[in-house]
Amino acid sequence: MSSRRSRSRQSGVSRITDDQITDLVSKLQQLIPELRGRRSDKVSASKVLQETCNYIRSLHREVDDLSDRLSQLLASLDTDSDQAAIIRSLLM
């Protein structure tokens, strides 16, 4: 047993088990499009975490891009138009 785990058990701190980590990594793998179809025993936990980080970064870029596009669209519309009212209602 590692000294870190040993110390945490002695201090009464609840730690996550290896089985729980394996389960969480498997769940993460199912959420990542690049890894979803692969057998879990063929993908390392390190790869799952790396791909998860990449996926989150790509989602952030997509959100930023969509936000910019929405800002441009709203700037090009007459604020009193029916189109602007529809967009505002979708954002609420």
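Nothing here was measured: the structure is a model prediction, and the numbers come from that model.

*Asks:* Whenever I open this one, the side chain of glutamine 29 confuses me. Can you help?
*Replies:* Secondary-structure assignment places glutamine 29 in helix H2 (residues 18-31). Among the polar contacts listed, one links the side chain of glutamine 29 to the backbone oxygen of arginine 38, at a separation of 3.1 Å. With residues near it in sequence (within four places) discarded, glutamine 29 still touches Leu35, Arg36, Arg38, Arg39, Ser40, Val43 and Val48.

*Asks:* Even after reading the chapter, I still don't get the packing of H2 against helix H3 (residues 45-76), so can you show me in this structure?
*Replies:* Describing two packed helices takes the angle between their axes plus the distance from one axis to the other. Between H2 and H3, whose axes approach to 10 Å, the crossing angle comes to 45°. Considering the angle they form, H2 stands oblique to H3. Our pair here, H2 against H3, has a crossing hand that is left-handed. When H2 is examined against H3, the residues Val25, Leu28, Gln29 and Leu31 are found in contact with a partner set consisting of Ala45, Val48, Leu49, Thr52 and Tyr55.

*Asks:* Is there a simple way to explain the pattern of salt bridges in this structure?
*Replies:* Between side chains of opposite charge, a pair can form as their charged atoms come close. Within this structure, the stated rule accounts for three salt bridges. One salt bridge in this structure joins arginine 69 and aspartate 65, with 3.9 Å as the shortest N-O distance. In this pair, arginine 69 and aspartate 65 are both assigned in helix H3, four residues apart and thus about one turn of the helix distant.

*Asks:* Just checking my understanding: could you explain the confidence of the model for the chain for this structure?
*Replies:* Atom-level detail of predicted coordinates should not be read off regions where pLDDT is low. Per-residue confidence for the chain gives a mean pLDDT of 84; residues scoring 70 or more make up 87%. Taking the mean pLDDT of every element in the chain, the minimum, 51, falls on helix H1 (residues 3-10) and the maximum, 94, on H2.

*Asks:* Quick question: what am I supposed to make of the nonpolar core here?
*Replies:* For soluble globular proteins, nonpolar side chains are generally found buried alongside one another. In this structure, Val25, Ile32, Leu35, Val43 and Val48 together form the largest nonpolar core, which totals five residues. Contact partners of isoleucine 32, with chain neighbours within four places excluded, come to Glu51, Thr52 and Tyr55.

Analysis parameters
- Residues numbered from 1 in each chain as written.
- Predicted model: local features only at pLDDT ≥ 70, side-chain atom pairs only at ≥ 80, totals over all residues.
- Heavy atoms only, no water.
- Helix = DSSP H or I, 4+ residues; strand = E, 2+ residues; numbered from the N terminus.
- Polar contact = N/O pair within 3.5 Å; in protein donor to acceptor, adjacent residues only side chain to side chain.
- Contact = heavy atoms within 4.5 Å.
- Axes fitted to C-alpha atoms, helices over the stretch in contact; angles between N-to-C directions.
- Parallel < 35°, antiparallel > 145°, perpendicular 65-115°, else oblique.
- Left-handed = near helix turned anticlockwise from the far one by under 90°.
- Salt bridge = Lys/Arg side-chain N within 4 Å of Asp/Glu carboxyl O.
- pLDDT = per-residue confidence, 0-100.
- Core = buried A, V, L, I, M, F, W, Y, C linked by side-chain atoms within 4.5 Å.
- Buried < 20%, exposed > 50% of the residue type's maximum accessible area, 1.4 Å probe, protein only.

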